[in-house]
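# Descriptive analysis of the structure
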Amino acid sequence: MIEIPFRKLELEDRETVLRHLAERKLRGCERTFANVYLWARFYNEVWAEIDGTAVFRTGPEGAYSYTYPIGAGDRKAVVELLMADAKEKGYPFRLHAVSQGEMEELESYFPGMLHVEWPRDAEDYVYETEKLIRLAGKKYHGKKNHINQFKAAYPDWSYESISDANVEECFQMALKWRGDNGCEEDPEKNQEMCVALNSLRLFRELGLKGGLLRAEGRVVAFTLGEPVCDDTFVVHIEKAYADVRGAYPLINQQFLENEVSGYQYVNREDDLGEEGLRKAKLSYHPVFMVEKGVVTLKTGAEGEAS
């Protein structure tokens, strides 16, 4: 009987997980410690160290999905173990958030046995950091206009890095944002705001960087993120009051200028298939998308995998 020691992710696992993640350059927003830790309870996510790799498992019992093993260990042997685990327990084998490079590796291990889909709704938008700081040229004219309107309306505006001294103000702003946007009646929005609030509460323990905007002395926007690899930073959370025109583009620009300028790329995550969000993310002109494959065994391949 196969017993993989999956367990809940704890804060003290951070250095171990980061060590495994550092073995390969990955740019997907899920491939960060904070993202996994903060969303784990909503996706029933657990993890295990297996033969020199780390594997994450999500989903309800009987419909589990694994990540491709990360780390320097024997990844082929670990995938074979995951296939055997799924077969023994009677549920379909499935991997999620698989990168193009990982898919090529899988194909070399299991030629002709795997089926992969690349859902558009799951793709992350990645931008050149410098371009989102400078906002030069016609294609960013609208963004600069909104920023200038904000600066004209609030001449006393200021930017601050999130610190122990101001994080509570961001927390209170997030609570007000949650109330203003009907999050209590929308389970998905409520989950997102739980993650945002916990990000603020644990920003130091999770190694997050953050920034805020003030207008007339009050916090009107904040954002938080973390590096995913040596050249890419992921923005996980960005909140601004909808009635403060220009707050969103300005917190984006200021945060990148003050905290993220050392990274070539910024990943602003996926659009979840929401039309309005897709339009907004495309308006910043991504330089490339991070595709995330969903991998299953082809019909009849179960026997070959065992």
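Anyway, here's the lowdown on the structure attached to this text.

## Quick word on the overall build of the chain
From N to C terminus, the chain includes 11 helices and 14 strands. Taking 306 residues into account, the globule formula puts the C-alpha radius of gyration at 19 Å, and the chain, at 21 Å, falls close to it. Expressed as lengths along the three principal axes of its C-alpha atoms, the size of the chain is roughly 70 × 40 × 35 Å. Within the chain, buried positions represent 50% of all 306 residues. Excluding contacts between residues fewer than 6 apart, the proportion of contacts in the chain whose partners are at least 24 apart in sequence is 70%. About 14,500 Å² of surface is accessible on the chain, with carbon and sulfur atoms providing 49% of the total. Taken as two groups, the 39 positive and 53 negative side-chain charges of the chain have centres that lie 5 Å from each other.

## So, the pairing of strand 9 (residues 209–215)
Most of strand 9 is tucked away: six of the seven residues are buried. Across four bridges, strand 8 (residues 158–161) lies against strand 9 in antiparallel orientation. Considered in strand 9, the bridge of tyrosine 159 is made with leucine 213. In terms of strand pairing, strand 9 meets strand 10 (residues 218–229) through seven bridges, oriented antiparallel. Counterpart to glycine 211 in the pairing with strand 10 is threonine 223. Counting the residues that bridge the hairpin from strand 9 to strand 10 gives two residues, and of these glutamate 216 lies at a positive phi of roughly 55 degrees.

## Some details on the side chain of asparagine 267
With respect to the helices and strands, the residue asparagine 267 is situated in strand 12 (residues 265–267). Of note is the side chain of asparagine 267, whose polar atom sits 2.6 Å from the backbone nitrogen of glutamate 269.

## So, helix 9 (residues 247–260)
For helix 9, spanning 14 residues, the distance from its first C-alpha to its last is 18 Å, which sits close to the expected 20 Å at 1.5 Å a residue. Of all 14 residues in helix 9, 11 are buried, a share of seventy percent or more.

## Brief notes about the packing of helix 7 (residues 167–180) against helix 8 (residues 187–201)
As a packed pair, helix 7 and helix 8 sit with axes 9 Å apart at the nearest point and diverge in direction by 170 degrees. Judged by the angle between their axes, helix 7 and helix 8 are roughly antiparallel. Together, Val167, Cys170, Phe171, Ala174, Leu175, Trp177 and Arg178 of helix 7 and Asn190, Met193, Leu197 and Leu200 of helix 8 make up the contact between the two elements. In terms of residue class, the contact of helix 7 with helix 8 is built from nine nonpolar, one polar and one charged.

## Details of the packing of aromatic side chains
Applying the stated criterion across every chain yields a total of 13 aromatic pairs. Both rings, one in tyrosine 265 and one in phenylalanine 288, keep their centres 5.2 Å apart while their planes meet at 75 degrees; by these two values the pair is edge-to-face. In this pair, tyrosine 265 sits in strand 12 while phenylalanine 288 sits in strand 13 (residues 288–290), placing the two residues 23 residues apart along the sequence. On the basis of relative accessible area, phenylalanine 288 is assigned to the partly exposed category, the value being 27%.

## Points about the pairing of strand 10
A large share of strand 10 lies buried, amounting to 10 of its 12 residues. Between strand 10 and strand 11 (residues 232–240), which follow one another and run antiparallel, lie two residues.

Reading the values: rules and limits
- Each chain carries its own residue numbering, running from 1 in the written order of its sequence.
- Where totals are concerned, whole chains, interfaces and linings use all residues; where local detail is concerned, this predicted model gives features only for residues with pLDDT of at least 70, and gives and counts side-chain atom pairs only at 80 or more.
- Calculated side-chain values reflect all of the structure's heavy atoms, with hydrogen atoms and water omitted.
- Per the convention used, a helix needs a DSSP run of H or I reaching at least four residues, while a strand needs a run of E reaching at least two, with both numbered from the N terminus.
- Here the globule rule reads 2.2 Å times residues to the power 0.38, and the radius of gyration is calculated from C-alpha atoms.
- Buried residues are those whose accessible area, probed at 1.4 Å on protein chains only, stays under 20% of the maximum for their type, while exposed residues exceed 50% and partly exposed ones sit between those limits.
- By definition in these notes, contact holds between two residues if any of their heavy atoms fall within 4.5 Å.
- Here the open area of atoms and residues is found with the Shrake-Rupley method and a 1.4 Å probe, where only the protein chains shown may cover a residue.
- Positive residues here are Lys and Arg, negative ones are Asp and Glu, while His and the chain termini are left out of the count.
- To locate a charge, the coordinates of NZ of Lys, CZ of Arg, CG of Asp or CD of Glu are taken.
- Should DSSP find at least two bridges between two strands, the strands are taken to pair.
- Throughout this description, a polar contact denotes any pair of N or O atoms lying within 3.5 Å of each other; where both atoms belong to protein, one of them has to be capable of donating a hydrogen while the other can accept it, and for residues adjacent in sequence the pair is counted only when both atoms sit in side chains.
- By definition here, a helix of n residues has an expected span of 1.5 Å times n minus one.
- Note on method: axes are straight lines fitted to C-alpha atoms, helices fitted across the in-contact stretch only, with angles between N-to-C directions ranging 0 to 180 degrees.
- For classification, angles of less than 35 degrees are called roughly parallel, those exceeding 145 degrees roughly antiparallel, those between 65 and 115 degrees roughly perpendicular, and all remaining angles oblique.
- Side-chain classes follow a simple rule in which Ala, Val, Leu, Ile, Met, Phe, Trp, Tyr, Cys and Pro form the nonpolar group, Asp, Glu, Lys and Arg form the charged group, and the remainder, Gly included, forms the polar group.
- Between rings of Phe, Tyr and Trp, where Trp is taken as its six-membered ring, a pair exists when centres lie within 6.5 Å; planes separated by under 30 degrees are stacked, by over 60 edge-to-face, and by other angles tilted.

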